[in-house]
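Here's the letter readout for the chains.
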Amino acid sequence: MKNMEVEIEEKGKIWRNKPLTEFKPEKIEYVGKKKIPTAEVQVEDVKKPEIPEHGSDFSRVTLLYPRLKELLNLFGTVVTEAKFKIGQDGMTCTAVDPAHVGMITVNMPKDTFTEFRCDGESTWALDIENFNKTLPKGKPKDVITLSGSTEHLTVEIGAFKREYTLLDPNTVTKPRIPEIDPEFSFTMGQYEIKNALLTAEPVSDSIRLTLNSDGVVFYAMSDSEKSEANFTKDMIKEIVTPGGVQVKSSYPLEYLVKLFKAMKTVDEAKIRFKDDYPMVVEFNAKGSNRVSEVVSYEFLLAPRMEQ
């Protein structure tokens, strides 16, 4: 076999894979009557990045690992970067996709965390895709701790610890939150809604919802196929149709499929909409600490209008 060497250049330094043939035999030292092998290993000091001590904007929060993964997956459906604000009342974040079709708002009161410390308002600007990909793996009952200031974030879960350099918050756009308040709504199991969306996905890129006092219909159609899911009022937890009026509107299916795939720890969803008007999808999940406090997720989606 040839003696192969590979050199890797990283940040101005040359790193070389040292061939096995260059290693010397182990040195044998005699201690009394015993032979004790000792490996001659040279360890180069690695200088870690300097992370400042706790400042006035230091925050530390602990929550369930599945809840954090759900949060990251949810924002990953519309954006690659997001700003999380930590204040005395809890953590909030709002993000909108570049096309301004979908927007997500999350509110996590401080009592929904198993631990919450806030020395002053912090803003954690995250590269969602990279953070989600490199996050240490955890189990369903594990808790995960995030701590840091505006520049740096430390993640701890079990025996694992990971340090991140955060994005400049000024480079992450803060979306303008529109006043959207459709008065027609229905509340039902998120599993049933997700199945209706997944059934329609191969048929069309949009789905039409029709709601009246008798129930709701999910309908999708193409030139050769159609999909329909009809949920009667006895299959729905709550229906709100002021005046008994029927409403209908179409929405891009891709956004809704990603949304409901991301939400795994909630049992039901509330969908509010009206004729050719933005949809509001609301999820409420129990916090880590108190049953009375909930994590609220709100997803706004623009309608698909006929040309």
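Structure's up top.
Read on for an overview of the structure. (Residues numbered from 1 in each chain as written. Predicted model: local features only at pLDDT ≥ 70, side-chain atom pairs only at ≥ 80, totals over all residues. Heavy atoms only, no water.)

### Focus: the overall build of the protein chain
What the protein chain contains, in helices and strands, is four helices and 22 strands. Counting only residues that meet the buried cut, the protein chain has 42% of its 307 residues in that class. Expressed as a percentage of contacts within the protein chain between residues at least 6 apart in sequence, the contacts between residues at least 24 apart total 64%. With the model as given, the accessible surface of the protein chain reaches about 19000 Å², and the carbon-plus-sulfur share is 49%. (Helix = DSSP H or I, 4+ residues; strand = E, 2+ residues; numbered from the N terminus. Buried < 20%, exposed > 50% of the residue type's maximum accessible area, 1.4 Å probe, protein only. Contact = heavy atoms within 4.5 Å. Areas by Shrake-Rupley, 256 points an atom, 1.4 Å probe, with all protein chains shown as cover.)

### Observations concerning the nonpolar core
Ranked by size, the top nonpolar core spans 71 residues in total, and within it Phe75, Phe84, Phe186, Phe218 and Val281 carry the most contacts. Here Phe84 is in contact with Leu71, Phe75, Met91, Thr92, Cys93, Ser122, Thr123, Trp124, Leu126 and Ile128, once residues within four sequence places are set aside. (Core = buried A, V, L, I, M, F, W, Y, C linked by side-chain atoms within 4.5 Å.)

### Concerning helix α1 (residues 65–75)
Across the eleven residues of α1, nine count as buried, placing the element largely inside the fold. Of the residues making up α1, those classed as buried are Tyr65, Arg67, Leu68, Lys69, Glu70, Leu71, Leu72, Leu74 and Phe75.

### Here's the deal with the sheet that holds strand β12 (residues 152–157)
Sheets are built from strands that pair by backbone hydrogen bonding, the pairs being arranged parallel or antiparallel. Spatially, β9-β5-β11-β12-β13 is the arrangement adopted by the five strands of the open sheet, whose pairing is antiparallel. At either end of the open sheet lies a strand with only one pairing partner, and these are β9 (115–118) and β13 (160–165). The average angle at which neighbouring strand axes cross in this sheet is 15°, direction not considered. Across six bridges, β12 lies against β13 in antiparallel orientation. Residue Ile157 lies in a different strand from β13, and its bridge partner there is Phe160. Strand contacts of α1: β5 (59–64), β11 (143–148) and β12, with the helix running at about 100° to β5, the strand carrying the most contacts. (Pairing = 2+ DSSP bridges. Axes fitted to C-alpha atoms, helices over the stretch in contact; angles between N-to-C directions.)

### Notes on the sheet that holds strand β17 (residues 226–232)
Strand order in this open sheet of four strands is β17-β16-β15-β19, and the pairing throughout is antiparallel. Taken across any chain shown, the strands that pair with only one partner, and hence form the sheet edges, are β17 and β19 (247–252). On average, each strand axis in the sheet is tilted by 15° relative to the strand beside it, whichever way the strands run. The pairing of strand β16 (residues 215–221) with β17 spans seven bridges and is antiparallel. Residue pairing for β17: Tyr219 is matched across the bridge by Glu228. Along the sheet, helix α3 (residues 190–200) contacts β15 (206–212), β16 and β17; its crossing angle with β17, the most-contacted strand, is approximately 165°.

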